[in-house]
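Chains, contacts and geometry: an overview
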Amino acid sequence: MAKQISSISTVLICGLVLIAIAAIATSALLRSTFVDYRETARASNLTNEVFEDIFETRLAALKWRSDPNAESREEVEANIQEVVDAPLGSLDLGDLGLDAASFAQSISQVMLEYGDHFERLVKARERYDVAESAATEAGLSARRAITGIMETAFASGDTEATYFAGTAQLSLMLGRYYLERFRRTAESRDLDRSILEMTQARELLDQTRALDDARNVDLFETAESQMDVFVESRDSLSTALNERIAAEAAMDRIGPQVILELENVLDRVFARQDTLGPRGQATSLWAVVFVLVFATVVTALG
């Protein structure tokens, strides 16, 4: 009888030890799963925050492009700084096949490059606005001067000078018109046509001056000097506009590129979460089944 009791006690003790070992192993596995899931959740949250900052950066940049103002510019710069300061490098992305430090550096470098292009865009827009204003004023001043020359020539009965002055006025107006078209279309043919018309206007004005007999020296000097200003402003405007287009194209390329990089990381994070969740659930289920089965066996043997 004593031997039987001793045997039962031994079986029960061994069963309890095995159940305890199984419980410890299950707890360790569950803990590992929980830690991994918590890290993926942290990666998901932080990456989404960066995603939001980048989206707001691009939105603010688009707002600035349609309506340049200090508020939008500051918003772009602040959001870029938030992305650069984000602690992406502290994430544990080893299970995703990624190096967190390289990932963080890549995102920061791309956004700093975006910021550089935005600054180029801002400076180009400033030069563009100055050149546009100067070209507009110079064109108007030249038109007034040529109108005065034409009126004087007509009043004096000089039909040839009147003709050349009128034709020069027409070419000047076409030169201004095609520059305005170039501003809107950025088509090189419009710029070329503006250059051609202004060249012709200057040649016709020179022919008019040869016929003027020194009647309108001041008006000719005004017209010529203002046409020179117009040409210089036109060249500055076209350069600034091309720089704006290049900067905007670079920003439009970088924006989707960095978003795609973040989306790829998020896809890996979500895929990892999809495996951790079922793994934890399966571990819990098998632990319960093991304990019940083993307890039943031990009880039966006991």
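Residues numbered from 1 in each chain as written. Predicted model: local features only at pLDDT ≥ 70, side-chain atom pairs only at ≥ 80, totals over all residues. Heavy atoms only, no water.

What about unusual backbone geometry?
Look at Ala 186: it is not a glycine, yet its phi comes out positive at around 60°. The topology assignment puts Ala 186 in the loop between helix H4 (159-185) and helix H5 (188-212). (Helix = DSSP H or I, 4+ residues; strand = E, 2+ residues; numbered from the N terminus.)

Observations regarding the pattern of salt bridges
Taken as a whole and assessed by the stated rule, the structure comprises 19 salt bridges. A salt bridge links Arg 253 to Glu 113, with the shortest nitrogen-to-oxygen separation between them at 3.7 Å. Of this pair, Arg 253 sits in helix H6 (residues 217-301) while Glu 113 sits in helix H3 (residues 100-155), placing them 140 residues apart in sequence. Among the salt bridges present, the one from Asp 228 reaches Arg 202, with a minimum N-O distance of 2.7 Å. Of this pair, Asp 228 sits in helix H6 while Arg 202 sits in helix H5, and the two are 26 residues apart along the sequence. (Salt bridge = Lys/Arg side-chain N within 4 Å of Asp/Glu carboxyl O.)

Re the packing of aromatic side chains
The final tally for this structure, using the stated rule, is three aromatic pairs. For the ring pair Tyr 163 and Phe 164, a centre distance of 5.4 Å and an interplane angle of 65° mean the geometry is edge-to-face. Between Tyr 177 and Tyr 178 the ring centres are 5.0 Å apart and the planes differ by 75°, which places this aromatic pair in the edge-to-face class. Note on Tyr 177: relative accessible area 43%, which makes it partly exposed. (Phe/Tyr/Trp six-rings, centres within 6.5 Å; stacked < 30°, edge-to-face > 60°. Buried < 20%, exposed > 50% of the residue type's maximum accessible area, 1.4 Å probe, protein only.)

Quick look at the environment of Gly 89
Looking at the secondary structure, you find Gly 89 in the loop between helix H2 (70-85) and H3. Residue classification places Gly 89 among the partly exposed positions, given a relative accessible area of 42%.

Structural notes on H4
Here H4 spans 38 Å end to end across 27 residues, near enough to the 39 Å set by a 1.5 Å rise per residue. Taken residue by residue, H4 has Ala 161, Thr 162, Phe 164, Ala 165, Ala 168, Gln 169, Ser 171, Leu 172, Gly 175, Tyr 178, Leu 179 and Phe 182 as its buried positions. Looking at the residues trailing H4, positive phi occurs at Ala 186, about 60°. (Expected span 1.5 Å × (residues − 1).)

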